[in-house]
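Coordinates in review
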2 protein chains.
Amino acid sequence: MKRVSFIDLGSNSVRFVIMEIADNGSYQLIYQQKESIRLSENMWTHNRLTEEAIQRALSSMKAFSHMAEAMDSHEIYAVATAAVRLAHNGGEFINRVKEETGIDLVCISGEEEAHLGFLGVINTIGLRDFVLFDLGGASVEVTLVRDRQALRSVSLPMGALTLTGKFQSDKEMSGEERLRMQAYIQELLSDEEWLAGVGLPLVGIGGTARNLAKMDQRAHEYPIAKLHNYELTRERLEAIYRQVCNKTLAQRRKISGLSQERADIIIAGTALIMELMDYTKASAMRVSGCGLREGLFYRYYGENYMNPDGIIDNILLHSAENVLLGMPQNDLIHAKYIARLTDMLYEQWQSLHGGDDRMRELLRVAALLHDIGKRINYYSHARHSAYMIVNSNLYGISHYEQAMCSFMAADSHGANSKYMKSSPYGRLLSDDDKGVVHRISMMLALAEAIDESHEQATVSVSTVIKDDAVELTVWTKHGVNTSIAEVAVNKLLKQFKKEYKRTLHVKWCEAL
Amino acid sequence: MKRVSFIDLGSNSVRFVIMEIADNGSYQLIYQQKESIRLSENMWTHNRLTEEAIQRALSSMKAFSHMAEAMDSHEIYAVATAAVRLAHNGGEFINRVKEETGIDLVCISGEEEAHLGFLGVINTIGLRDFVLFDLGGASVEVTLVRDRQALRSVSLPMGALTLTGKFQSDKEMSGEERLRMQAYIQELLSDEEWLAGVGLPLVGIGGTARNLAKMDQRAHEYPIAKLHNYELTRERLEAIYRQVCNKTLAQRRKISGLSQERADIIIAGTALIMELMDYTKASAMRVSGCGLREGLFYRYYGENYMNPDGIIDNILLHSAENVLLGMPQNDLIHAKYIARLTDMLYEQWQSLHGGDDRMRELLRVAALLHDIGKRINYYSHARHSAYMIVNSNLYGISHYEQAMCSFMAADSHGANSKYMKSSPYGRLLSDDDKGVVHRISMMLALAEAIDESHEQATVSVSTVIKDDAVELTVWTKHGVNTSIAEVAVNKLLKQFKKEYKRTLHVKWCEAL
């Protein structure tokens, strides 16, 4: 086991995480801290970091260095972005950080910043083609991603803080100032022809994007508090933009979901996103809670544990296995076996359930994680597994899909409509969806019943589908006692009949 | 690590559990199975187990033996109770079990049965003085417990199944038959003068007691599905008794919470409990989900890991530590340190919060378990800890107290009213209770902030309470950097002011 720390010293805030990597390669966040230090504040007159800002940064860095040490993390990877990059005294500042905290702070280029943000997103958001932006205090990095590769990126020297500072002369930004700011943003964007009208979804990193998602969730009483992978349509963004422009700072401070520290710079930030949307002709924006910090981690993890480009192939499966491996003593063999058996049934029953490849993947994840709740309590463990599935760091999966997955696990010993009703995630599903969950999860429940004794005694299954019946043959190892499994399977026959309008006949045969 | 199996072969059902005991002595249930085999069915004419019943039992026992083997549990402790004890062919049956399954089934006396039930209850229900009954299919064991010691017990040869068989001549029990049954029960009880009018609460084990609790919970839309330690008043029991007596079997089958398999014998079972209540002058009954099975485990655990009498001293603390130890890799040192620091504050602030010793214990449990949710996700871990606290096997704590405890943990980084609102457990608390939680949990939040760096750098704390202020001195080890802790503590000052109407001044001093 080792613990590695990562620091992202931005122009507005500084972020610190400690990741723990277990001997089996699974990893998890064990500490995180964020401080709003506004490093770029008042720096633009002379393009110098002010002594006050430097002191704030040093104080945070000292604390983080100390914290890393206290938590037995002896490797720290720290990067600084736009503010340090653009300040005349950036180099001097880096030396002071080294002297006073021992941390080797690396000032990265706009391209590298964009690339790290890309790594944080590509490993946690399941899109292949999109335009990624990382909107910070003093710069925005925009990256064109196609087929999960970053094709081109640019770092533009404008951010939520600097745009506000440049265009707002008084306490509030006037309508005229806003128009001038928009024209300025458009001008900077117009040089990037490779982005013009690409028509791909936007993925947004940074505090502005996260705050917009939070405001939208609050306004719509979204049932769950999860920002990563939340989608905002253009219409919704426009509505929020109008709302923040029409309010005074004092009024904005009262908007639910908008953080106090961001109420003053939210107009500039939102304007930039709107312009980027217009320019790229995007119809929606997805918010990523993961960004540069996570990119730093994935680069490290790729180089040391995986592949040097740091891009994970199947992020949903990877993150599910990471959750599984992170649960010590869990019966990994049983979990993987059940996933395989469930998948066999899914394939053989294709004409019965009509599910697609994506549903197959969701079921696979549910099967892998169906028992993790036993760590909380054996009793009601399917329900606890469901709780853990919606609250774990599963990536490459929408909130809706995560809910589906979680309810499939809740159904792993038979349909559990009650749990579905009581969970806030139930509100993400339509009645039809709920029926689909019960139908699809039958295969998991059946696999679980077939391996009720956790012996992996079943070699294979084969199915004959008839008009009014399904004949399932369970091929077991030689000399195996199947009585327990038979009892468990029989308990599911009634539900099968209900879901599939056919009778399930199960034959137990010894394989050669 | 070892896995030990326990089997309780009752007259109505057979129960099987596998417990895993880790090297550090912590234990958890990893498998359980219950089958309704009705071993005593039709046995009373000739006092012989019928061949059909024996076959059902053998089939279950074979399956359990197989399951234990498959799960790497090579020790099985199996006991049989009333049906086998009273049957002329009981010894023969035990031999067949040994021959056909390899299991050494031990037929225990009524006294031993009562004692094992007592062990299951005394280690999981936090009462000192009570009358315990274990109502099975063919017998009821009644035990008088004072000061956590079983003083006297009796096994009476009447149970839910046998009473039904004896007094019900047709499909339904007539009013007259019921009266005769009640008179019979009274007669059997009347020999036990040591139980007459003792005026202690009843604690009930067995399917009848559990079903009554479930019916009551459903009738009152009790927000949580947990039976162990649920209390039923005499009035509620009477209402349920009236309800089941006034319905036909078909109608009873539809009562929410009453299991299909028990609808036919619930009248006799409830009648017996009502008579026992009358005879002992109990005003209420607590239901225990733990009984003979758990008693078998605690006897084993006591003999091998603890003390030979198998009685745990402080069951709340023991079960909390068991949960804590069961969570691998958890920062045990930090958890125990926080519990100690929190407790110091609780003691010094006595005049401020006015909490009693019990509240102190609840806070201690919350402090011990405040971080267990990190295993689910670092983000929102206080909320996950709260979820785990209400769903873990904590014993010696009422549902209401478990909710209090859980919300204290949810508050461990400051008050979290939102979570309280959204949790179904919130409904167990009054508005006043919620205020108490926020006030009491301040001490945990403060301790957590003081050890924000997980260094255990604080040696002690001392408090001076003034009319309008509280002066807290934090004594740290020599040369320790307290900047992180100071930031964390400062974030709580506003909430402190709100809760205690005083200003908190914190002084950081190096101890000698």
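Since we're looking at a predicted model, the values are computed, not measured.

1. Some words on the sheet that holds strand β12 (residues 458-465) of chain A
Residue and element names in this part refer to chain A.
- Strand order in this open sheet of three strands is β12-β13-β14, and the pairing throughout is mixed. Of all the strands in the sheet, the pair left with one neighbour each is β12 and β14 (503-510). Strand-to-strand twist of the sheet, defined as the mean angle between neighbouring strand axes without regard to direction, takes the value 20°.
- Judged from the seven bridges that link them, β12 and strand β13 (residues 469-476) form a sheet pairing that is antiparallel. Bridge pairing links Ser460 to Trp475 in β13.
- Here helix α19 (residues 431-450) sits on the sheet and contacts β12, β13 and β14; the angle it forms with β13, its principal contact strand, is near 35°.

2. Regarding the packing of aromatic side chains
All names here are of chain A.
- Under the defined criterion, the tally for this structure stands at 41 aromatic pairs over all chains.
- On the basis of an interplanar angle of 85° and a centroid distance of 6.0 Å, the ring pair of Phe6 and Phe297 is categorised as edge-to-face. Here Phe297 lies in helix α11 (residues 292-305) and Phe6 lies in strand β1 (residues 2-9), a separation of 291 residues in the sequence. Neither Phe6 nor Phe297 differs from the other in exposure class; each is buried.

3. A closer look at the environment of Ala339 of chain B
All names here are of chain B.
- Looking at the secondary structure, you find Ala339 in helix α13 (residues 332-348).
- Separated by 26 residues in the primary sequence, Ala339 and Val365 have C-alpha atoms spaced 7.7 Å apart.
- Among all residues touching Ala339, those that are not within four sequence positions of it are Arg364, Ala367 and Leu368.

4. Re the interface of chain B and chain A
- Contacts between the two partners involve 40 residues from chain B and, on the opposite side, 40 residues from chain A.
- Of the roughly 3900 Å² buried between chain B and chain A, counting both surfaces, carbon and sulfur atoms make up 50%.
- For the chain B face of the interface with chain A, the top three residues by lost area are Arg375, Tyr378 and Tyr387 of chain B, together amounting to 16%.
- There are zero salt bridges connecting chain B and chain A.
- Connecting chain B to chain A are 18 residue pairs in polar contact (both at pLDDT 80 or more).

5. Points about the side chain of Asn229 of chain B
- Looking at the element boundaries, Asn229 of chain B is found in the loop between α7 (207-219) and β10 (230-233).
- When near neighbours in sequence (up to four residues on either side) are disregarded, Asn229 of chain B contacts Ile125, Arg286, Val287, Ile397, Ser398 and His399 of chain B.

6. Structural notes on the packing of helix α4 (residues 110-122) of chain B against helix α11 (residues 292-305) of chain B
Residues and elements named next belong to chain B.
- Packing of α4 against α11 brings their axes to within 6 Å, and their N-to-C directions diverge by 80°. By the angle class used here, α4 and α11 are roughly perpendicular. Counted together, Glu112, Glu113, Leu116, Gly117, Leu119 and Gly120 of α4 and Leu292, Glu294, Gly295, Leu296, Tyr298 and Arg299 of α11 form the full contact between these two elements.
- Here the contact of α4 with α11 is composed, by residue class, of five nonpolar, three polar and four charged.

The rules behind these values
Residues numbered from 1 in each chain as written. Chains lettered and ligands numbered in written order. Predicted model: local features only at pLDDT ≥ 70, side-chain atom pairs only at ≥ 80, totals over all residues. Heavy atoms only, no water. Pairing = 2+ DSSP bridges. Helix = DSSP H or I, 4+ residues; strand = E, 2+ residues; numbered from the N terminus. Axes fitted to C-alpha atoms, helices over the stretch in contact; angles between N-to-C directions. Contact = heavy atoms within 4.5 Å. Phe/Tyr/Trp six-rings, centres within 6.5 Å; stacked < 30°, edge-to-face > 60°. Buried < 20%, exposed > 50% of the residue type's maximum accessible area, 1.4 Å probe, protein only. Buried area = accessible area lost by both parts, 1.4 Å probe. Salt bridge = Lys/Arg side-chain N within 4 Å of Asp/Glu carboxyl O. Polar contact = N/O pair within 3.5 Å; in protein donor to acceptor, adjacent residues only side chain to side chain. Parallel < 35°, antiparallel > 145°, perpendicular 65-115°, else oblique. Nonpolar A, V, L, I, M, F, W, Y, C, P; charged D, E, K, R; others polar.

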